[in-house]
Amino acid sequence: MNSFITYLSNIFTHQVKVKSLKGLSGLKKSDAILHNLCVEKSIPGLAITITKRDEILFQKGFGYCDIENEIPVNPKETIFRIASISKCITGLALGKMVEEGLLEFDDSFYKYVPNYPKKAYDFTLRQLASHTAGIRAYRGKEFGLNQPFSIADSLEVFKDDPLMFKPGKGYLYNSFDFVLLSLAMQEASGMPFEQYVKEKVLDPLGMRNTIPPLQHPTIGSSVVENQAKFYTKTPIGFKKAIEVNNFYKLAGGGYLSTSDDVAKLGQELLDKNLLEKETYLELLTAQLVDQESIYYGLGFQVSEDNLGRNFVGHVGSSVGVYSNLFVYPNEKLVVSILINCTDSKVQNSLDSAINTLVHLG
């Protein structure tokens, strides 16, 4: 194992040297920042797609999607885990179900899953989608479960635990909220969650490379062509990330996709063609707790970036992935970044790369 890690640590030695940022601006500066992340071995690989007014402003792959075989990242083809950007996909599907009359945002969860253990308080689909239902977060190593759970099977992990607070009176970000939400959506639609999402969201948006992480009768083979290998950073290089099975939490953090596809998702938040304008207003309005914003809508972060610019979208972090989807309505800009490594603390560098591009075009 040590020799393998050493191999991973040394494999970049033939790469081009670190680029100086002195005198650089715009695309050249962003390119150099991201190039340096890989050369300095902060991350194994990265795919970025940035669009401005529905045209590609910058799209490129950096580093490797497979270190051992030296396969470079391709932003149109390399398939990454996208972690919590999955919640944005689920938010659109939830809005579509409301428009089709299959459910309402403020319906009780128990209307669709009556056998779920009763808690001290009722909670709604809106509260699940905004993390205000009181459902607990991961404990210990639950983030890395590697069990072949269906959505319903996975309830055994947390179903008997009490609510953390009275629904609507607190905010606790977690993925179990979206496990419950997807189960209710599945029951309401009468079809597997992933099938509804494919037919109503992914196919209409042309997101052909956005898929579940597991073989399923409605999807097809579990062998994913062009899938990146997933890594964890160590003090001496990169090692293979632990094996996980994220199918049960597909809605909250399980989808696989490309940077190019994620940019299409972001563009839809600007174009607003899939859903009615009123539905987008529901999804993209930050919810309130005690009259204070929680900076989260229904499946979407609704906040400001490090320079105070308004954005909607999501940051994702999970086993073998770190991801950004920032959609800037005022600038008509979409930023999609996928990294095949467990969070390696590079957000400041990503912000710097993004900041040089926001006002271009």
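Analysis parameters
- Residues numbered from 1 in each chain as written.
- Predicted model: local features only at pLDDT ≥ 70, side-chain atom pairs only at ≥ 80, totals over all residues.
- Heavy atoms only, no water.
- Salt bridge = Lys/Arg side-chain N within 4 Å of Asp/Glu carboxyl O.
- Buried < 20%, exposed > 50% of the residue type's maximum accessible area, 1.4 Å probe, protein only.
- Pairing = 2+ DSSP bridges.
- Helix = DSSP H or I, 4+ residues; strand = E, 2+ residues; numbered from the N terminus.
- Core = buried A, V, L, I, M, F, W, Y, C linked by side-chain atoms within 4.5 Å.
- Contact = heavy atoms within 4.5 Å.
- Phe/Tyr/Trp six-rings, centres within 6.5 Å; stacked < 30°, edge-to-face > 60°.
- Lys NZ or Arg CZ within 6 Å of the ring centre and 35° of its normal.
- Polar contact = N/O pair within 3.5 Å; in protein donor to acceptor, adjacent residues only side chain to side chain.
- Axes fitted to C-alpha atoms, helices over the stretch in contact; angles between N-to-C directions.
- Parallel < 35°, antiparallel > 145°, perpendicular 65-115°, else oblique.
- Left-handed = near helix turned anticlockwise from the far one by under 90°.
- Expected span 1.5 Å × (residues − 1).

Turning to the pattern of salt bridges, a few remarks are in order. This structure, assessed with the given rule, holds 19 salt bridges. Salt-bridge contacts for aspartate 107 lead to lysine 111; the nearest nitrogen and oxygen are separated by 3.7 Å. Two residues, lysine 345 and aspartate 343, come together in a salt bridge whose shortest N-O distance is 3.4 Å. The exposure class of aspartate 343 is partly exposed, given its relative accessible area of 28%. Salt bridges here are not isolated pairs; linked through shared partners, they connect Arg136, Arg139, Glu142 and Asp161.

To continue, consider the pairing of strand β11 (residues 310-318). Bridge count for strand β10 (residues 301-304) against β11 is four bridges, and the pairing is antiparallel. By the bridge assignment for β11, valine 302 is matched with valine 312. Linking β10 to β11, which pair antiparallel, is a turn of five residues; within it glycine 308 sits at a positive phi near 85°. Here β11 runs beside strand β12 (residues 321-328); their pairing, made up of seven bridges, is antiparallel. Paired with glycine 313 across the bridge in β12 is phenylalanine 326. Taking the residues that link successive antiparallel strands as the turn, the β11-β12 hairpin has two residues, and the phi of glycine 320 there is positive, at about 75°.

Time to look at the nonpolar core. Formed by 82 residues in total, the largest nonpolar core has its most connected members in Leu92 and Phe123. Of the residues forming this core, the biggest block, nine residues, is contributed by helix α5 (residues 176-189). Not counting residues within four places of it along the chain, the set of residues in contact with phenylalanine 123 comprises Asp107, Ser108, Phe109, Tyr110, Tyr116, Leu128, Ala133, Ile135, Leu163, Pro167 and Leu180. Of all hydrophobic cores here, the second largest spans 29 residues; its members include Ile43, Ile48, Ile50 and Cys341.

Attention now goes to the packing of aromatic side chains. Scanning the model with the defined rule gives 13 aromatic pairs in all. Look at phenylalanine 109 and tyrosine 110: their rings are 5.8 Å apart centre to centre, the planes differ by 70°, and that puts the pair in the edge-to-face class. Its relative accessible area of 0% is what places phenylalanine 109 among the buried residues. An aromatic cluster of at least three residues, connected via ring pairs, comprises Phe109, Tyr110, Tyr116 and Phe123. Over the ring of phenylalanine 178 we find lysine 87, and its NZ or CZ is 5.7 Å from the ring centre.

What follows deals with the side chain of glutamine 127. Looking at where glutamine 127 falls in the secondary structure, it is placed in helix α4 (residues 125-129). Take glutamine 127: its relative accessible area is 16%, and that puts it in the buried class. Within the structure, the side chain of glutamine 127 is placed 2.9 Å from the backbone nitrogen of threonine 124, a separation counted as a polar contact. For glutamine 127, the contacting residues outside a window of four places in its chain are Asp122, Thr132, Ala133, Pro167 and Gly168.

Below, the discussion takes up the packing of helix α2 (residues 26-39) against helix α10 (residues 347-355). Where α2 contacts α10, the axes come no closer than 8 Å and their chain directions differ by 160°. The pairing of α2 with α10 is recorded here as roughly antiparallel in orientation. Here the hand of the crossing between α2 and α10 comes out left-handed. Judged by residue contacts, Ser30, Ile33, Leu34 and Leu37 of α2 engage Ser349, Leu350, Ser352 and Ala353 from α10.

Ordered by their spatial adjacency, seven strands build an open sheet running β3-β2-β1-β13-β12-β11-β10, and the pairing between neighbours is antiparallel. Unpaired on one side and paired on the other, β3 (71-72) and β10 mark the two borders of the sheet. Direction of pairing for β12 relative to strand β13 (residues 333-339): antiparallel, over a ladder of seven bridges. Bridging from a neighbouring strand, phenylalanine 326 pairs with valine 335 of β13. Packed onto the sheet, α2 meets β1 (45-52) and β2 (55-66) and runs at close to 15° relative to β2.

The subject of this paragraph is helix α3 (residues 86-99). Here α3 contains 14 residues, and its C-alpha end-to-end distance of 20 Å stays within 8% of the 20 Å for a straight helix at 1.5 Å per residue. Most of α3 is tucked away: 13 of the 14 residues are buried. Positioned one or two residues after α3, glycine 101 has a phi angle of 75°, which is positive.

Let's shift gears to the side chain of serine 344. Along the polypeptide, serine 344 turns up in the loop between β13 and α10. Note on serine 344: relative accessible area 11%, which makes it buried. A polar atom in the side chain of serine 344 sits 3.2 Å from the backbone oxygen of serine 42. The contact partners of serine 344, leaving out residues within four places of it in the chain, are Ser42, Ile43 and Lys233.

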